[in-house]
Amino acid sequence: MIAEARAAIEASTRIVVMTGAGVSAESGVPTFRGEEGLWRNHRAEDLATPQAFARDPLTVWQWYAWRRSLIAACRPNAAHRSLVQLMCRKAATTLVSQNVDGLHEQAASEAGRSDCRPVLLHGSIFRVRCIECRNEREHREDIEATSLEALPHCPACGSLERPAVVWFGEILPRDNLRRALEAAAAADLCLVVGTSGSVYPAASVVDTAIASGATTIVIDPAGTGFDSGATLKLSGAAAEVLPLLVR
Ligand code: NAD
Ligand code: ZN
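Note that the structure is a prediction, hence the values are computed from the model and not measured.

Conventions adopted
Residues numbered from 1 in each chain as written. Chains lettered and ligands numbered in written order. Predicted model: local features only at pLDDT ≥ 70, side-chain atom pairs only at ≥ 80, totals over all residues. Heavy atoms only, no water. Buried < 20%, exposed > 50% of the residue type's maximum accessible area, 1.4 Å probe, protein only. Helix = DSSP H or I, 4+ residues; strand = E, 2+ residues; numbered from the N terminus. Pairing = 2+ DSSP bridges. 1 Å grid on protein atoms, 1.4 Å probe; cavity = no way out; pocket = protein on both sides within 12 Å on 5 of 7 lines; lining within 4 Å. Points joined across faces, edges and corners; volume = space filled by probe spheres on them. Nonpolar A, V, L, I, M, F, W, Y, C, P; charged D, E, K, R; others polar. Near = heavy atom within 4 Å. Polar contact = N/O pair within 3.5 Å; in protein donor to acceptor, adjacent residues only side chain to side chain. Areas by Shrake-Rupley, 256 points an atom, 1.4 Å probe, with all protein chains shown as cover.

Chemist: What am I meant to see in the pairing of strand β1 (residues 15–19) here?
Modeler: Within a regular strand, the side chains alternate between the two sheet faces. Most of β1 is tucked away, with five of its five residues classed as buried. The side-chain alternation of β1 yields two buried faces, one formed by I15, V17 and T19 and the other by V16 and M18. Bridge analysis of β1 against strand β2 (residues 93–97) gives five bridges, and the strand direction is parallel. Within β2, the position partnered with V17 by the bridge is L95. Pairing between β1 and strand β7 (residues 189–193): five bridges, direction parallel. In the strand pairing of β7, V17 is matched with L191.

Below is the structure:
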């Protein structure tokens, strides 16, 4: 199956890659589902919503401060690095990611290929956006989520800022989603790495590639929503399987 997948990649000219939380699992970034997704008995689904932030911004920011500190200590793994190599070898590759951890970007910059950027569907955990004027900026400093006053505030208008990520029930950045869907519709090969396929509309990018006839390879140790539509399913960890495909 590895040989078959390698041959399919070699033969392809337009590739779309979709990654999810699983591509960063071996870097130590916790996924949302399962035990490690729990924080002080809150479920991610109850914190990552605009309603939760409107009700209790301090608690939501405390959760993000904790996640940011975990992610800041994580490094890209062999899966992130292999995808940079793939983008170097096959110029017509579009990398689309649901991740907010910045590890694809970090792998690219460590390889001296900062141009190999992912199309982000769910934003970045190291960016913030003003809730009033919507001004957005990078923000990597530690957050002392001890009081409302201590939370990040907009340099332009002084209002409270929120994490610049897409929460449950919010719309995705329109241009990025359009770019991802266009790449999927035009792709002859689709690589799906570490995503359960349960979060829409992100999952519709893979659905589009499958519907357009792309050879679809799913890399995930568990079952995913894409398995039945896939040409090949490689049941394994991304950091082990991807280097075998791209080497
Ligand atoms: P998900 O939790 O729904 O699915 C993760 C998938 O990764 C599962 O199918 C799991 O079997 C698989 N997986 C686990 N370990 C793996 C490994 N070593 N190699 C390959 N696959 C592995 O994640 P999702 O589909 O990305 O959706 C969750 C949502 O949560 C997304 O919207 C995302 O924005 C957000 N999220 C992001 C991060 C991050 O940035 N790293 C982390 C958690 C959640
Ligand atoms: Zn503002």
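Chemist: Help me out: how do you make sense of the layout of surface pockets in this one?
Modeler: If a probe the size of a water molecule is rolled over the atoms, the empty space left behind becomes visible. In this structure, the second largest pocket encloses a volume near 720 Å³. Mapped by element, the contributors of at least two residues to the lining of the second largest pocket are α6 (103–110), β4 (123–130), β5 (136–138), β6 (161–165) and α7 (174–186). Here the element with the most residues in the lining of the second largest pocket is β4; it accounts for five residues. In terms of residue class, the lining of the second largest pocket is made up of 11 nonpolar, seven polar and 11 charged.

Chemist: It is not clear to me how the site of ligand 1 should be interpreted in this structure. Could you clarify?
Modeler: Inspection of the region around ligand 1 gives 25 residues, with Q98, D101, T195, S196 and D220 positioned closest. Between Q98 and ligand 1, the recorded distance is 2.5 Å, taken from a backbone N or O atom to an oxygen atom. One of the side-chain N or O atoms of T195 is found 2.7 Å from an oxygen atom in ligand 1. Considering ligand 1 on its own, with 860 Å² of exposed area, one finds that the protein chains cover 90% of that surface. Here the residues of the shell around ligand 1 sort into 11 nonpolar, 10 polar and four charged.

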